[in-house]
Amino acid sequence: MSLRARDMSLLLLLILIYGLDGGECDQGQVHLTLINKTIVLRIPFTSRSNITVLDTAEELLCNSTGNSCYIECSSFNLSENYFTKPAAFHLEIHNVKNSRVDFSINGTTNCTVVDCLPHEVSKFLEMKAENLNMPKDMRNILNIKRMCKDVIFHEDVLDTYIGVEKKAIHGIINMDFSGPSKTCYEEDLSINVVKIHLSTTNDSVQMAAPGVLNFDKVADIQIPAEPFKNENESKIGIVTYDSDQHLKFKAKNKVFTSKIIRIEVPGREIANLINPLNMSFKLYYTNDTSLSLNNFNLSCKFYDENGKTWKTDGCNTIPISDKVVECQCNHMTPFAVLLINLNDLNEKQWEILSYISYVGCGLSVFFSATTVLSFIFNSIARAEVSSSIHVSLSGALLLLNMSFMLSEWAATWTVTEVCVFIAVTIHYSLLCSFTWMAIEALHLYLLLIRVFNIYIKYYMVKLSLIGWGVPAVIIGGLLSVHGIYGTIDSKFSDTNTTNKICWIRDLRVLYGVNISYFTIVFLFNLAILITVSRQIFKLRHVGNRHDKMPVWKDAGTVLGLMCLVGTTWGLAFFSSGYTNYPILYLFCILNSMQGFYIFVWMCGTARKNRAQTPHSKSKSTLESSK
């Protein structure tokens, strides 16, 4: 039988009212039914919604006309006679409000029903905190979290619940008991309480954090005697959580690799210890953490109840083995071992970089779309192979920027396929952009270096097959492996918050495919850019000095070509392995606005062509076969 069943509040009360043989009975406004060992209690009201309670030995559910609610009843005096025959009781309503009902059964058992609404639950918790009755109210508080689980995570309720739970834990620790220690097991947590006597305490106290469900030890704890030197007797409580989502909520989906424990000394805050508190945590790895464990670092953190965040202040992390890590801290607060990315970003810097990226991507989306539409409605531009290549690159960048801006939004969806689709789209458009940059460089080489005999049959068709087809083949191969794309957490180094995005989850693919692919493209484009730049400046010395362009125009041409063939993406090499904020700012500014640069380049090229040869095609055009 579960701990909640042993409480014998509402469950046994209803069994006593109704008996064990089943059937139905009516008494006043109470309607009871026993179906498949589930007791159903229905209470109709004329001034508010009806209340339905489903009660089994494992679970208690309360429903108020479609909305969840919390019900709490006082205990009942048991008698053997109630198990042999049904007994009828009188229902008396004491107080009815829009979201709360107080009533009694037979004048001896008092019950309260509260709708699971943020304001009402918070107010009920505050009222309960004023007069806690241990250990019963410890279970009642845990029942509130279980029955109103969605409301507990509301910002107006969560902090109140954590505070009331802490007060209830202190109440359990302060209860009188015989012997040197006691352990209290609840469904969601366990509390190990130890008495410390100064006369028998030397330098430290050894304690253990017991498990909740399987009773396995989750941590060994060595508490220094330093804070208790002036006290004859003290009580210390070690709390181990099984249901700990209310504490993890502020961590924004960080990966926890140990159980959460808290060390409590009622009425005191233990901090600034000279001899540290030592905790040896047993680690619990999941499939997600084991995939990329080499890219993360174990970090001991504590929950700061004032800042409502997880911090590392005053804690040192000492890995002992693959299954154990030791945390040394100078204070006693809720602790856990989390996986922290070694390449964390500062949250404030991330926010600034995000604004820059979104603004740049927004501009690129607009100007890339303008470039594509102008090409579609301009027959002269469609006849130019150079313009067709520019537009193809603009189309790839348009797809890349649009999918990138949807990445964080898609990561919030519960439908995982949406995030996978966005991640695949980002990856495909990124590879297409790199490929078309390489094609830009190849075309530039053919125009300026191999001026003669450059006719290629089905030239644009072949380029399109390469530009759009090669990335499609790579993405298709990756999609055959399950779990490569999806939601990942970008963690910040200065806070305990994370940011979800849709991207590549397997770091081997991220670096093995993307970096390798881009490195080849970058080196190829850089070599052609150097060759073309030498050719441009070489022509200055052999041409007529009256026909020479100013140096700044030649330099502008080279800078334009750098953006066109994507050499600015090479800034990624300078921030590999560590966080270099100046490089990151340049990277975001230059590359998020690449679509805008191509639009300006095409406008400048079209204007120059109209001025030089208004009635003919540019000499640089490569004829495609019809």
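Going along each chain's sequence as written, the residues are numbered from 1 onward. The predicted origin of the model limits local features to residues at a pLDDT of at least 70 and limits the giving and counting of side-chain atom pairs to 80 or more, whereas totals for whole chains, interfaces and linings rest on all residues. Side-chain metrics rest on all non-hydrogen atoms present in the structure, leaving aside hydrogens and water.

**A short note on the packing of aromatic side chains**
Given two aromatic rings, one states the distance between the centres and the angle between the planes to describe the pair.
Reasoning step 1: Ring pairs are drawn from Phe, Tyr and Trp, using the six-membered ring of Trp, whenever the two centres fall within 6.5 Å, and their geometry is named by plane angle: stacked under 30 degrees, edge-to-face over 60, tilted for the rest. Scanning the entire structure with this criterion turns up 14 aromatic pairs.
Reasoning step 2: Ring centres 5.1 Å apart and planes at 85° place the aromatic pair F366 and F367 in the edge-to-face group.
Reasoning step 3: Any residue under 20% of the maximum accessible area for its type is buried, any over 50% is exposed, and the rest in between are partly exposed; the area is computed with a 1.4 Å probe on protein chains only. Among the residues examined, F366 registers a relative accessible area of 54% and is labelled exposed.
Reasoning step 4: The structure contains a cluster of three or more aromatic residues connected by ring pairs, namely F366, F367, F596, Y597 and F599.
Reasoning step 5: Placement of a charge over a ring requires the Lys NZ or Arg CZ to be within 6 Å of the ring centre, with the centre-to-atom vector within 35 degrees of the ring normal. Taking the ring centre of F177 as reference, the NZ or CZ of K195 above it sits at 4.4 Å.

**Considerations on the sheet that holds strand β20 (residues 315-319)**
Reasoning step 1: Following DSSP output, two strands are said to pair if at least two bridges run between them. For helices the rule is a DSSP run of H or I covering at least 4 residues; for strands it is a run of E covering at least 2, with both sets numbered from the N terminus onward. Strands sit in the order β12-β13-β17-β21-β20 across an open sheet of five strands; the sheet is antiparallel. One side of each edge strand has no neighbouring strand; the edge strands of this open sheet are β12 (204-209) and β20. Between one strand axis and the next, the sheet turns by 20° as a mean value, whatever way the strands run.
Reasoning step 2: As judged from the five bridges shared by β20 and strand β21 (residues 324-329), these two strands associate in the antiparallel manner. Counterpart to C315 in the pairing with β21 is C329. A fitted line through C-alpha atoms represents every axis, and for helices the fit uses only the stretch in contact; the resulting angles, taken between N-to-C directions, go from 0 to 180 degrees.

**Topic: the packing of helix α11 (residues 385-405) against helix α14 (residues 459-479)**
Reasoning step 1: Interhelical geometry of α11 versus α14 gives an angle of 15° and a closest axis separation of 11 Å. It follows from the interaxial angle that α11 and α14 lie roughly parallel. You can see that α11 and α14 cross each other, and the crossing is right-handed. Taking contact as the criterion, the partners of V385, S388, I389, S392, G395 and A396 in α11 are, on α14, Y459, M460, L463 and W468.
Reasoning step 2: Polarity classes work like this: nonpolar for Ala, Val, Leu, Ile, Met, Phe, Trp, Tyr, Cys and Pro, charged for Asp, Glu, Lys and Arg, and polar for all others, with Gly in that last group. Of the residues belonging to the contact of α11 with α14, the class tally is seven nonpolar, three polar and no charged. An angle counts as roughly parallel when it lies under 35 degrees, as roughly antiparallel when it exceeds 145, as roughly perpendicular when it falls between 65 and 115, and as oblique in every other case. In this scheme, a crossing is called left-handed if the near helix is turned counterclockwise away from the far one by less than a right angle; it is called right-handed if the turn is clockwise. The contact criterion used is simple: two residues touch if any of their non-hydrogen atoms lie within 4.5 Å.

**Topic: the packing of helix α4 (residues 136-147) against helix α6 (residues 155-174)**
Reasoning step 1: At their nearest, the axes of α4 and α6 sit 9 Å apart, and the two run at 155° to each other. The angle between the axes of α4 and α6 places the two elements in the roughly antiparallel class. Viewed along their axes, α4 and α6 form a crossing whose handedness is left-handed. Of the residues in α6, those in contact with M138, I141, L142 and K145 of α4 are Y161, V164, E165, A168, I169 and I172.
Reasoning step 2: The class makeup of the residues in the contact of α4 with α6 is eight nonpolar, no polar and two charged.

**Remarks on the state of the cysteines**
Reasoning step 1: The disulfide criterion used throughout: a pair of cysteine sulfur atoms within 2.5 Å. What the rule picks out here adds up to six disulfides.
Reasoning step 2: Between the sulfur atoms of C73 and its disulfide partner C111 the distance amounts to 2.1 Å. In this structure the cystine formed by C73 and C111 twists about its S-S bond by roughly 110°; its chirality is therefore right-handed. Taken together, the residues span a long stretch of sequence, with C73 in strand β6 (residues 67-73) and C111 in strand β9 (residues 109-115) at a distance of 38 residues.
Reasoning step 3: A residue is classified by how much of its surface remains accessible, and C73, at 5% relative accessible area, is buried.
Reasoning step 4: Note on C111: relative accessible area 2%, which makes it buried.
Reasoning step 5: A disulfide bridge connects C419 with C502, and the sulfur atoms are separated by 2.0 Å. Taking the torsion about the S-S bond as the criterion, the C419 to C502 disulfide, at about -125°, is left-handed. With C419 in helix α13 (residues 416-448) and C502 in strand β24 (residues 498-504), the pair connects residues that are 83 residues apart, well separated along the chain. Pair check on accessibility: C419 and C502 agree, each one buried.

**A closer look at α13**
Reasoning step 1: One fewer than the residue count of a helix, multiplied by 1.5 Å, yields its expected span. Between its first and last C-alpha atoms α13 spans 48 Å; for 33 residues at 1.5 Å apiece the expected length is 48 Å, and the two agree.
Reasoning step 2: The element α13 is extensively covered by neighbouring structure, given that 24 of its 33 residues are classed as buried.

**A closer look at the confidence of the model for the chain**
Reasoning step 1: Looking at the chain as a whole, the pLDDT averages 75, with 72% of positions reaching at least 70.
Reasoning step 2: Looking at the elements of the chain, mean pLDDT is at its lowest for strand β1 (residues 24-27), recorded as 32, and at its highest for α14, recorded as 94.
Reasoning step 3: How sure the predictor is of each residue is captured by pLDDT, a score from 0 to 100. Segment residues 1-34: pLDDT under 50, and 102 contacts once partners within four positions in sequence are set aside and those in other chains are kept.
Reasoning step 4: Contacts for the low-pLDDT stretch residues 614-626, under 50 throughout, to residues beyond four places or in other chains number 23 contacts.

**Some thoughts on the environment of S321**
Reasoning step 1: Take S321: it is sitting in the loop between β20 and β21.
Reasoning step 2: Sequence separation between S321 and L283 is 38 residues; the distance between their C-alpha atoms is 9.5 Å.

**Focus: the nonpolar core**
General note: in soluble globular proteins, nonpolar side chains tend to be found buried as a group.
Reasoning step 1: Nonpolar cores were defined as sets of buried Ala, Val, Leu, Ile, Met, Phe, Trp, Tyr and Cys residues, with membership established by side-chain atoms within 4.5 Å. F434, W436 and Y485 are the most contacted members of the largest nonpolar core, which totals 56 residues.
Reasoning step 2: Elements supplying a minimum of two residues to this core: α11, α12 (407-411), α13, α14, β24, α15 (507-542), α16 (551-564) and α18 (594-612).
Reasoning step 3: Element by element, the count of residues in this core is highest for α13, at 16 residues.
Reasoning step 4: W436 has contacts with I389, S392, L393, A396, M460, L463, S464, G467 and W468, leaving out every residue within four places of it along the chain.
Reasoning step 5: Of all hydrophobic cores here, the second largest spans 50 residues; its members include Y70, M134, Y161 and W310.

**Structural notes on unusual backbone geometry**
Reasoning step 1: A cis geometry characterises the amide bond from M134 onward to P135, with omega recorded as 0°.
Reasoning step 2: With respect to the secondary-structure elements, P135 resides in the loop between α3 (118-129) and α4.
Reasoning step 3: The phi angle at Y458 is positive, at roughly 50°, despite the residue not being glycine.

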